[in-house]
Amino acid sequence: MIAWIQILLGLALILQTLEMLWIRDSYSPKGIWRWNTLEREMTLFPNLVQNLLNLLLNHTVFHWVLLSRLVLALILIVQLHFWVVSGLILISVLISLRWRGPFNGGSDYMTFIILTGLWVAALEPESPITSKFCLIYIAVH
């Protein structure tokens, strides 16, 4: 069952990422969601974190973040691996910060919940108890 979840989530992540890449003009330096406007809201973070976010979430690098998500989603379809899921979680957090919350609302929250369940499942991929726990965690949400 975990394998089906990882395949379906991988496909969903591919679609979500393609959607964001499709509207990349909207978050370009001339777009309505340009980073130099949104970055002002990141002042609650320490300077080091602000600098890192400025690096990762500007238009050019953010495009590469999305392409990385696309590659990791493709890998997720064929293999559940701890580092792949960890990377997808990190990118999901970055995307939420970039959009000042979830881009697609409930689907982004559900993506994060499923990624969390898969992350725990990837810690012990051979354990049926862990798999059942992860399925219950996802189902409860």
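Look up a bit, the structure's there.
Notes on the structure follow. (Residues numbered from 1 in each chain as written. Predicted model: local features only at pLDDT ≥ 70, side-chain atom pairs only at ≥ 80, totals over all residues. Heavy atoms only, no water.)

A look at the overall build of the chain
Part 1 of the argument: Secondary structure summary: the chain contains seven helices and zero strands in total.
Part 2 of the argument: Sequence-ordered secondary structure for the chain, helices as α and strands as β, is α-α-α-α-α-α-α.
Part 3 of the argument: Summarising its shape, the C-alpha atoms of the chain cover approximately 50 × 30 × 25 Å along the three principal directions.
Part 4 of the argument: Evaluated residue by residue, the chain yields a buried proportion of 40% over its 141 residues.
Part 5 of the argument: Summarising the internal contacts of the chain: among those between residues at least 6 apart in sequence, 68% fall at separations of at least 24. (Helix = DSSP H or I, 4+ residues; strand = E, 2+ residues; numbered from the N terminus. Buried < 20%, exposed > 50% of the residue type's maximum accessible area, 1.4 Å probe, protein only. Contact = heavy atoms within 4.5 Å.)

Section: helix H3 (residues 47–57)
Part 1 of the argument: Every buried residue of H3 is accounted for by Gln50, Leu53 and Leu57. Here the buried residues of H3 occupy an arc of 65° about the axis, which is enough to place them on one side. Projecting away from the buried face of H3 at angles above 90 degrees are the exposed residues Asn47, Leu48 and Asn51. (Arc of directions from axis to C-beta.)

What to know about helix H6 (residues 106–123)
Part 1 of the argument: Its 18 residues give H6 an end-to-end C-alpha distance of 26 Å, which sits within 8% of 26 Å, the value for a rise of 1.5 Å per residue.
Part 2 of the argument: All buried positions along H6 are accounted for by Asp108, Thr111, Ile113, Ile114, Leu115, Gly117, Leu118, Ala121 and Ala122.
Part 3 of the argument: Close packing links the buried residues of H6 with helix H1 (2–22), helix H4 (59–78), helix H5 (82–98) and helix H7 (128–140). (Expected span 1.5 Å × (residues − 1).)

Focus: the packing of aromatic side chains
Part 1 of the argument: All chains considered together, the criterion is met by two aromatic pairs.
Part 2 of the argument: Pairing phenylalanine 82 with tryptophan 83 gives two aromatic rings, centres 4.9 Å apart and planes at 80°, and the pair type is edge-to-face.
Part 3 of the argument: Owing to a relative accessible area of 61%, tryptophan 83 belongs among the exposed residues under this scheme.
Part 4 of the argument: Judged by relative accessible area, which is 22%, phenylalanine 82 ranks as partly exposed.
Part 5 of the argument: Counting every residue linked through ring pairs, the aromatic cluster contains Phe82, Trp83 and Trp119.
Part 6 of the argument: The ring of phenylalanine 62 is capped by arginine 98, whose NZ or CZ atom sits 5.4 Å from the centre of that ring. (Phe/Tyr/Trp six-rings, centres within 6.5 Å; stacked < 30°, edge-to-face > 60°. Lys NZ or Arg CZ within 6 Å of the ring centre and 35° of its normal.)

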